[in-house]
Each structure stands twice: as structure tokens, then as C-alpha cells.
Amino acid sequence: MKIIKVLGSGCAKCTKTADLIKQVAQEQGSAVSVEKETSPQIIMEYGVMSTPAVVIDDTLIHSGSVPQTSQIKEWLA
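Criteria and thresholds
- Residues numbered from 1 in each chain as written.
- Predicted model: local features only at pLDDT ≥ 70, side-chain atom pairs only at ≥ 80, totals over all residues.
- Heavy atoms only, no water.
- Helix = DSSP H or I, 4+ residues; strand = E, 2+ residues; numbered from the N terminus.
- Expected span 1.5 Å × (residues − 1).
- Buried < 20%, exposed > 50% of the residue type's maximum accessible area, 1.4 Å probe, protein only.
- Arc of directions from axis to C-beta.
- Core = buried A, V, L, I, M, F, W, Y, C linked by side-chain atoms within 4.5 Å.
- Contact = heavy atoms within 4.5 Å.
- Pairing = 2+ DSSP bridges.
- Axes fitted to C-alpha atoms, helices over the stretch in contact; angles between N-to-C directions.

Student: I'd love a proper account of helix H1 (residues 12-28), names of residues and values included.
Tutor: Under the 1.5 Å per step criterion, the end-to-end length of H1 is 24 Å for 17 residues, consistent within 8% with the ideal 24 Å. Within H1, the full set of buried residues consists of Cys14, Thr17, Ala18, Leu20, Ile21, Val24 and Ala25. Seen from one end, H1 has its buried residues packed into an arc of 160°, which puts them on one side. Exposed side of H1, more than 90 degrees from the buried face: Ala12, Lys16, Gln26 and Glu27 are the residues found there.

Student: I'd like a description of the nonpolar core, backed by residues and values.
Tutor: Core analysis: the largest hydrophobic core is formed by 14 residues, its most contacted members being Ile4, Val6, Ile21, Val34, Val54, Ile72 and Leu76. Those elements giving two or more residues to this core turn out to be strand S1 (2-7), H1, strand S3 (53-56) and helix H3 (69-76). The element best represented in this core is H1, accounting for 6 residues. The contact partners of Leu76, leaving out residues within four places of it in the chain, are Lys2, Ile4, Ile21, Val24, Ala25, Gln28, Ser30 and Val32. In this structure, Leu7, Ile43, Ala53 and Val55 belong to the second largest nonpolar core, which totals 5 residues.

Student: So, H3: which residues are in play, and what are the values?
Tutor: For H3, the full list of buried residues reads Ile72, Trp75 and Leu76. Projection of H3 onto a plane perpendicular to its axis shows the buried side chains occupying an angular sector of 90°, all on one side. On its buried face, H3 is in contact with S1, H1, strand S2 (32-37), S3 and strand S4 (59-63).

Student: Can you tell me about the sheet that holds S1, naming the residues and giving the values?
Tutor: In space, the 4 strands of this open sheet follow the order S2-S1-S3-S4, with mixed pairing throughout. Each end of this open sheet is capped by a strand with a single partner; those strands are S2 and S4. Strand-to-strand twist across the sheet, computed as the mean angle between neighbouring axes with direction ignored, equals 25°. Sheet analysis places S1 next to S2, joined by 6 bridges and oriented parallel. From the neighbouring strand, Lys5 faces S2, where its bridge partner is Glu35.

It is worth stressing that arrangement in space is one thing and function is another; only the former is reported here.
Here it is in C-alpha cells:
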């Protein structure tokens, strides 16, 4: 199971990112745990300067925008 964290302030884009990841994972039958992280301290620990950001298994893989569905599919493959 992949552990996915969506880093951000809890804004609409952050919520959309988390919901989109959950939707794609369900469509693909991927086992994931999606968590929202709003702590500025934790966000800064990953070196994120713009949100939303996506961390999979403790590796920052995306930041600054809502990811495209095709990107999420690649991450979950």
C-alpha cells in the first residue's frame, strides 16, 4: 500500500488533489492511504514552496498545482 500525503493549507486545490488521487486509485484498484497534511512545519520539512504538493512514501513528487489524472495514474502504476 502506498502512503500518499497531500501537503497544503487545506485550500480548495489541496482538497481537489486529495479527492482526485482517491478517485484514480479506486478506478485502478490501487491500495493507497491518502492523508492531508496542513502543518506548516511538516510542509517546510519537505522543502515545499508552493502547494498543493504530493508526497508518496516520503518522497516529494509534485508541487505547485493540481496534478493531471495521467500523472496520478503513472504514480500509482
